[in-house]
Amino acid sequence: MPKRMNSIQLIRNGWFIGTIGLLYGAAVWSGFQWIYTAEIVLERLEQAVEAPDPAAAMRVYEQIARSRVRRDDLDSFVKLGQVLERAGRADEAIEVWRRVAAAIPEDEGLRMRLALTLHNAGRYAEAELHFAALLREGPE
Amino acid sequence: MTKHITQWTTILLAIALIGVVSAAPAQERQSQIDEDFLLLMGARNAAKAGKHDTSVRRYRKLLERDPRLNDARRELGWVLIAAGKVAEAQEEFRVALHANPKDVEAWKGILEALRKTDQKDEFLKVLDRLVELEPTRKDLRMQLALELHNRGRFAEAEKHIVVLLGE
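Residues numbered from 1 in each chain as written. Chains lettered and ligands numbered in written order. Predicted model: local features only at pLDDT ≥ 70, side-chain atom pairs only at ≥ 80, totals over all residues.

Trainee: Hey, could you go over the overall build of chain A for me, with residue numbers and the actual values?
Mentor: Helices and strands together make up the secondary structure of chain A, namely 8 helices and 0 strands. When the helices and strands of chain A are read in sequence order from the N terminus, they spell out α-α-α-α-α-α-α-α. Against the compact-globule benchmark of 14 Å for 140 residues, chain A has a radius of gyration of 24 Å, which places it well outside the compact range. When its C-alpha atoms are laid out on the principal axes, chain A stretches across 95 × 30 × 25 Å. Put simply, chain A has 140 residues, and 26% of those count as buried. When contacts within chain A are restricted to residue pairs at least 6 apart in sequence, those whose partners lie at least 24 apart make up 43%. (Helix = DSSP H or I, 4+ residues; strand = E, 2+ residues; numbered from the N terminus. Rg over C-alpha atoms; globule rule 2.2 N^0.38 Å. Buried ≥ 20, exposed ≤ 12 C-beta atoms within 10 Å, placed from the backbone. Contact = placed C-beta atoms within 7 Å.)

Trainee: Pulling in residues and values, what's your account of the interface of chain A and chain B?
Mentor: Each partner contributes residues to the interface: chain A has 18 residues there, and chain B has 16 residues. Considering every element that reaches the side of chain A that touches chain B, the biggest residue donor is helix H8 (residues 124–134) of chain A, with 6 residues. Grouping the constituent residues of the side of chain A that touches chain B by class yields 9 nonpolar, 2 polar and 7 charged. (Nonpolar A, V, L, I, M, F, W, Y, C, P; charged D, E, K, R; others polar.)

Trainee: Which residues make up helix H2 (residues 14–35) of chain A, and what are the values?
Mentor: Under the 1.5 Å per step criterion, the end-to-end length of H2 of chain A is 31 Å for 22 residues, consistent within 8% with the ideal 32 Å. Sparse coverage of H2 of chain A is indicated by the burial of 0 of its 22 residues. (Expected span 1.5 Å × (residues − 1).)

Trainee: Report on the nonpolar core, specifying residues and quantitative values.
Mentor: Across soluble globular proteins, nonpolar side chains show a tendency to be buried alongside one another. Tyr59, Ile110, Leu111, Val126, Leu127 and Leu130 of chain B are the most contacted members of the largest nonpolar core, which totals 30 residues. Those elements that place two or more of their residues in this core are helix H2 (35–48), helix H3 (52–65), helix H4 (70–82), helix H5 (86–99), helix H6 (104–116), helix H7 (120–133) and helix H8 (138–150) of chain B. Once residues within four sequence positions are removed from consideration, Leu127 of chain B is found in contact with Leu111, Leu140, Gln143, Leu144 and Glu147 of chain B. By size, the runner-up hydrophobic cluster in this structure holds 27 residues, among which are Ala57, Phe77, Trp97 and Leu134 of chain A. (Core = buried A, V, L, I, M, F, W, Y, C linked by C-beta atoms within 7 Å.)

Trainee: An account of the packing of H4 of chain B against H5 of chain B is requested, with residue identities and associated values reported.
Mentor: Residues and elements named next belong to chain B. Between H4 and H5, whose axes approach to 8 Å, the crossing angle comes to 160°. Between H4 and H5, the angle falls in the class roughly antiparallel. When the axes of H4 and H5 are compared, the crossing they make is left-handed. Across from Asn70, Arg73, Arg74, Leu76, Gly77, Leu80 and Ile81 in H4, the residues of H5 making contact are Val86, Glu88, Ala89, Glu92, Phe93, Val95, Ala96 and Ala99. Its residues placed into classes, the contact of H4 with H5 shows 9 nonpolar, 2 polar and 4 charged. (Axes fitted to C-alpha atoms, helices over the stretch in contact; angles between N-to-C directions. Parallel < 35°, antiparallel > 145°, perpendicular 65-115°, else oblique. Left-handed = near helix turned anticlockwise from the far one by under 90°.)

Trainee: I'd like a description of the confidence of the model for chain A, backed by residues and values.
Mentor: Averaged over chain A, the pLDDT score is 84; the fraction of residues at 70 or greater is 95%. The lowest-confidence element of chain A is helix H1 (residues 7–12) of chain A, averaging 72 in pLDDT; the highest-confidence one is H8 of chain A, averaging 96. (pLDDT = per-residue confidence, 0-100.)

Trainee: Explain unusual backbone geometry to me, using residue names and the numbers behind them.
Mentor: The backbone of Arg136 of chain A sits at a positive phi, close to 55°, despite the residue not being glycine. Within the fold, Arg136 of chain A resides in the segment after H8. On the neighbour-count criterion, Arg136 of chain A (6 C-beta atoms within 10 Å) is exposed. At Asp118 of chain B, a residue that is not glycine, the phi angle is positive and equals roughly 60°. Mapped onto the fold, Asp118 of chain B is located in the loop between H6 and H7.

Below, the structure written as structure tokens:
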């Protein structure tokens, strides 16, 4: 007759611990995938060689743009701005660059991106404000 | 038993260390921008926004920093024409031509400046030079043929018309 294990023995059993560990790992991984779905899709869109699908770019934009821009975590927003530009969604890209540039006003590179995106979208008067600021020109 | 505890402690510490490293705050970003590129794009944008004086000022500043930028010099020439400063524009195109006598775009700028100032003889010479530089451009050859025809220089016009008709 097979010997039955009590709970202490079960916990000490290596297979049991291994299975629990694997299940825990799978749960953590699934949770990570679920929480960072938008970031994962964004990463794929950014790395794609061809121009990103505008609809997919917009879905990611709607998910990510809801969150607050933080100084120490700008990567998602910078990638989002680039993806939107490549997908031809200039207005949304401008909105992203505007928020990012407002979060770190001393970063001239971000302001330059905003100015260039406005320029490329034909919004020259708006771009002019940023070019003047970057060139440290006084009011005319 | 003690050996097992030590092993598990090591594994847990390693996992914690990886977590701490990956969660460390991203480095503060501070990108540098190329001043020449900024001036060039600023000048182009100001021209598009209709602020010709601002555009000219930026182009001049850029060319002070690097006088070899012939593309920028030609763009400056066109902005000067748009601002009604044709003589200054002509001067910029001539400087560009000095650097590269076969610069077709600079010749076109001079042609436009001459057309604006109604310098007919000089205009014809430049047009002739442009046709020489770009023999396949039918529009330029047609323009030259018409100019010659309108001045009664029919024999010269005829040569170009023959080329245009492929006779």
